[in-house]
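Chain by chain, the residues:
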Amino acid sequence: MAAQSGIYHETYPSDMQIRPTTMQRVRLLLLLVVAIGLPFVAGSGLLRIVNLVLIASVGAIGLNVLTGYTGQISLGQGAFLAIGAYACGLLMVYFQVPWVLAMIAAAFITAFIGGIFGLPSLRLKGLYLAVATLAAQQIVNWVIIRWDPIDGAIDGVATDALNIPANYLLGTGWAVDNRALYTVVLLALIAVVLIGALLLIRRFLKDQLLEYAALIGLAAALIVIVLGAALVTVYRDGIDLSAFMRTNWQLNSSESAFYVLGLLVLASVVVATNNLFRTHIGRAFIAIRDQDIAAEVMGVNLFRYKVLAFAVSSFIVGLAGALVALHSTAISFERFTIQVSIEYLAMIIIGGLASISGSIYGAAFIVILPEILRQIGSQIAGADPAAIREFNRILPFAQQGAFGVVIVLTLILEPEGIVKIWRNIKDYFRLWPFSY
Amino acid sequence: MNPDEILKFIRLTYSGFSDGALLALIALGLVLVYKSTDVINFAHGEFMLLGAYVGYQSLLTLQTIVTSEPLVVLIGVLIMVVVMVLIGLLVERLVLRPLIGEPVISVIMVTIGLSNIIQAVVGGIWGKTPQSLPVEVIPVSERFTISIEGARRPLLLQQESLVAVFIVLVLVLLLIVFFRRSKHGIAMRATADDQQAAMSMGISVKVIFALTWSLAAVTAAVAGLLIAELTIGVSGDIPGVGLRAFPVIILGGLDSILGAIVGGIAIGLIETYASGYIDPSLKNVVPYIVLLIVLMIRPYGLFGQKLIERV
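Fair warning: this is a prediction, and the values are worked out from it, not measured in the lab. (Residues numbered from 1 in each chain as written. Chains lettered and ligands numbered in written order. Predicted model: local features only at pLDDT ≥ 70, side-chain atom pairs only at ≥ 80, totals over all residues. Heavy atoms only, no water.)

Counting its secondary structure elements, chain A contains 17 helices and two strands. Whereas a compact globule of 436 residues would reach a radius of gyration of roughly 22 Å, chain A reaches 23 Å, a difference of no more than 12%. Once the C-alpha set of chain A is aligned to its principal axes, its extents read approximately 65 × 60 × 55 Å. Considering chain A as a whole, with its 436 residues, one finds that 49% of them fall into the buried category. (Helix = DSSP H or I, 4+ residues; strand = E, 2+ residues; numbered from the N terminus. Rg over C-alpha atoms; globule rule 2.2 N^0.38 Å. Buried < 20%, exposed > 50% of the residue type's maximum accessible area, 1.4 Å probe, protein only.)

This is the structure:
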């Protein structure tokens, strides 16, 4: 990596920044603009794929914390996703827990169970651990299929599927039939959010904590947009606010509603993990990956930090699982099989091990790849019915084959993944036209 | 214990044993590769799949040319062996060799990628519907009959599975002799023990790696063909059977041939007892529970070599 010259840090906060150069800040700002603007320009089909990428990114970051940063190979990702999804779903269905609380509780439950499955990691390494995590996958799948309360037998028919109730991005309890009151309340809320956000952003910028400022800015912008949309519609059409929220902001039917949630979760996870590896805990994880015995000699409590790594990783994966549940109308165990675990491993390999942005690139790549193949294939097949039949037969195999080929080629040609390619591109232009 | 219970026990033991022998054969292929190349081959189940389909195709084609059935089986299996040797060589040269010296996760992932490619190719060529083999590879259809006084009905056991166990046994014995007596076998053990020392003694490690992969591919193909004959036919479910061999090798120890055999039989028996006495759906889970318990007590499996790490 070519270092940028001409950067002089005069204070510790400035030296500790995650994004010290102007170029990085500009990219962050661009990213924010694109992220906020996307739902306004994208159709619901495209937004659906974006949402899947958001969920996969959260999951891939979780796996990367464990596999990329701590060096513990896990083939049990699907199981932890399942625990997150089912915990969230069951809490909502059987205990009527609001979705926000259910999501957070699901993450904690997954962290706890992940920590338990992390216990063998103290004595197991490498391949033995990888196969032991396969055990998590098999056992969890079996529990989901067999355990009756989980069968979601709401209508008396036992199935593996668990129906997820309708959840709304914003609460629905405001059934007061008074347009003026709505307007005042919404305006007040918008003002509070804006002022609060501006104060926080100013404070963070003063301490040069750019990422926090960006996260707050993103959250404030999204909330203001949602409230603003509500304000405009309610004021213009004079309809009941709660009816508006029901029709437009249902998480598992409106892609833009889910986009707001998914983006906020992903942004928080990105900021949290980026900072995690600047703390002593994160450094301990990396030390364990590089040489566990040496780490122990340096005073890292192996048992504690390995279990902690499993718990932190599972927490994030549990969030992703809860997102899967919130995004769907029903969940079943087929969505959390070993193939899913493999897909997530492929994401972090292709994107780049031990890289947060790599996890996102990899997730996007793996989610979009089959979609692109489908588009290309349907272009080639055209309107000829025989060709379409052949295309439908070949497509799943082509998708699977492409998945395999991409993994193998990445490992042989660029083992450090997309992140390395992107870095090479940046380096090339940083030194352009006089590269060495 | 009433007579029916005794017969049930005999039936479960019999099928557990023959199941276990097949698992042992699959595990043997995995151990072979791990021992000499330090790779755990997640595409082993797909080698079985490919082997079964290659065998199926050659039997199908030969059936139209040759009339004598034993000859069809013999030539068909020979063709399968040759094809699998070539595939083993190809895989080693194109996929595994560039990754020598890379971290464990890269090697795991490359075999997983390979498994997806093989599944896609097999699915693209032969489709997804299960087929039965056109010619019986083991032409035995007699059954043992065991009856005990007081039992409701006598127990029938297929002799076919016993032949399969016998084939597995012969293969294992051949492999053991190969490792103990032949020049290449000894070279393989030397490479497994210490690659650099083997190189300095004039052993070509590349040749050994190639040999290992083709050997593993052949054992996988034989296992795939036997499974197709005995249980599920030639179908896309064969890799799932391969997945069942992972608890076996962990239980027995990744680098122990004896461990693969003992572990295979043990897991086979545990699976059938659990599904026969407790709950049929336990079949896929119990091995993993046993595995977790064993790993807590003996992290390197029952017969695995303990590695002492120094910094």
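Alright, that's what it looks like, and here's the rest.
Following the criterion strictly, the structure yields 15 aromatic pairs over all chains and no others. With 6.3 Å between their ring centres and 65° between their planes, Tyr86(A) and Phe336(A) make a pair best called edge-to-face. Taken together, the residues span a long stretch of sequence, with Tyr86(A) in helix H4 (residues 77–95) and Phe336(A) in the loop between strand S2 (330–331) and helix H14 (338–351) at a distance of 250 residues. A relative accessible area of 1% places Phe336(A) in the buried class. With a centroid separation of 5.1 Å and 20° between ring planes, the pair formed by Tyr53(B) and Trp126(B) is classed as stacked. One end of the pair, Tyr53(B), is in helix H2 (residues 44–65); the other, Trp126(B), is in helix H4 (residues 104–126), and 73 residues separate them in sequence. Judged on exposure class, the residue Tyr53(B) and its partner Trp126(B) are both buried. In textbook terms, an aromatic cluster arises when at least three aromatic residues are bridged by ring pairs, as seen for Tyr69(A), Phe277(A), Phe285(A) and Tyr305(A). (Phe/Tyr/Trp six-rings, centres within 6.5 Å; stacked < 30°, edge-to-face > 60°.)

This next bit is on the environment of Leu62(B). Residue and element names in this part refer to chain B. Here Leu 62 lies in helix H2. Its relative accessible area of 9% is what places Leu 62 among the buried residues. As for Leu 62 and Val 72, which are separated by ten residues in sequence, their C-alpha atoms are 6.0 Å apart. Ignoring sequence-local partners within four residues, the contact set of Leu 62 consists of Val 72, Ile 75, Gly 76 and Ile 79. (Contact = heavy atoms within 4.5 Å.)

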